[in-house]
Amino acid sequence: MLKIIVKEGENIERALKRYKRKHRNIKVMQNLRDGQFFTKPSVKRRREIQKASYIQSLRDQEDI
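Residues numbered from 1 in each chain as written. Predicted model: local features only at pLDDT ≥ 70, side-chain atom pairs only at ≥ 80, totals over all residues. Heavy atoms only, no water.

**Concerning helix α1 (residues 12-25)**
Across its 14 residues, α1 extends 20 Å between first and last C-alpha, which sits within 8% of the 20 Å expected from 1.5 Å per residue. With its phi angle positive at about 55 degrees, Lys 27 sits one or two positions after the end of α1. (Helix = DSSP H or I, 4+ residues; strand = E, 2+ residues; numbered from the N terminus. Expected span 1.5 Å × (residues − 1).)

This is the structure in structure tokens:
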């Protein structure tokens, strides 16, 4: 459970921004979506390999 302590004199929008950042960083929604359906381990591994190759190609293009 996320707890955001609003400091004295802190703007509510700033506290909300901190909450959203923490929420995104711990990947709450991503974990909920991933848990809705069963994904075969082979499919998970294939996605990881595709993601890694995509990121590597972006880094290679950056170096050129």
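**Some details on a positive patch on the surface**
A surface patch of like charges, here positive, comprises Lys 7, Arg 14, Lys 17, Arg 21 and Arg 24. For Arg 21, the position within the fold is in helix α1. Arg 21 gets classed as partly exposed once you look at its relative accessible area, which sits at 37%. (Patch = residues over 30% accessible without salt bridge, like charges linked within 9 Å, V, L, I, M, F, W, Y side chains within 5 Å. Areas by Shrake-Rupley, 256 points an atom, 1.4 Å probe, with all protein chains shown as cover. Salt bridge = Lys/Arg side-chain N within 4 Å of Asp/Glu carboxyl O. Lys, Arg positive; Asp, Glu negative; His and termini not counted. Charge placed at Lys NZ, Arg CZ, Asp CG, Glu CD. Buried < 20%, exposed > 50% of the residue type's maximum accessible area, 1.4 Å probe, protein only.)

**Quick notes on the layout of surface pockets**
In this structure, the largest pocket encloses a volume near 210 Å³. Along the walls of the largest pocket sit Gln 30, Arg 33, Asp 34, Phe 37, Thr 39, Lys 44, Arg 47, Glu 48 and Lys 51, which together make up its complete lining. Breaking the lining of the largest pocket down by element, the ones donating at least two residues are α2 (28-34) and α3 (41-63). Looking at the lining of the largest pocket, the element that brings in the most residues is α3, giving 4 residues. (1 Å grid on protein atoms, 1.4 Å probe; cavity = no way out; pocket = protein on both sides within 12 Å on 5 of 7 lines; lining within 4 Å. Points joined across faces, edges and corners; volume = space filled by probe spheres on them.)

**Some points on the environment of Lys 22**
On the secondary structure map, Lys 22 appears in helix α1. A relative accessible area of 40% means that Lys 22 is categorised as partly exposed. Expressed as a C-alpha distance, the spacing of Lys 22 and Lys 3, which sit 19 residues apart in the sequence, is 9.4 Å. Not counting chain neighbours up to four residues away, the residues in contact with Lys 22 comprise Leu 2, Lys 3 and Ile 4. (Contact = heavy atoms within 4.5 Å.)

**Let's talk about a nonpolar patch on the surface**
Taken together, the side chains of Tyr 54, Ile 55 and Leu 58 define a hydrophobic patch exposed on the protein surface, amounting to about 280 Å² of accessible area. Relative to the helices and strands, Leu 58 resides in helix α3. Residue classification places Leu 58 among the partly exposed residues on the basis of a relative accessible area of 40%.

**Observations concerning the confidence of the model for the protein**
Detailed reading of the predicted coordinates is not advisable wherever pLDDT falls low. Confidence along the protein averages 91 in pLDDT terms, with 100% of residues attaining 70 or more. Within the protein, the lowest mean pLDDT, 86, falls on α2, and the highest, 95, falls on α3. (pLDDT = per-residue confidence, 0-100.)

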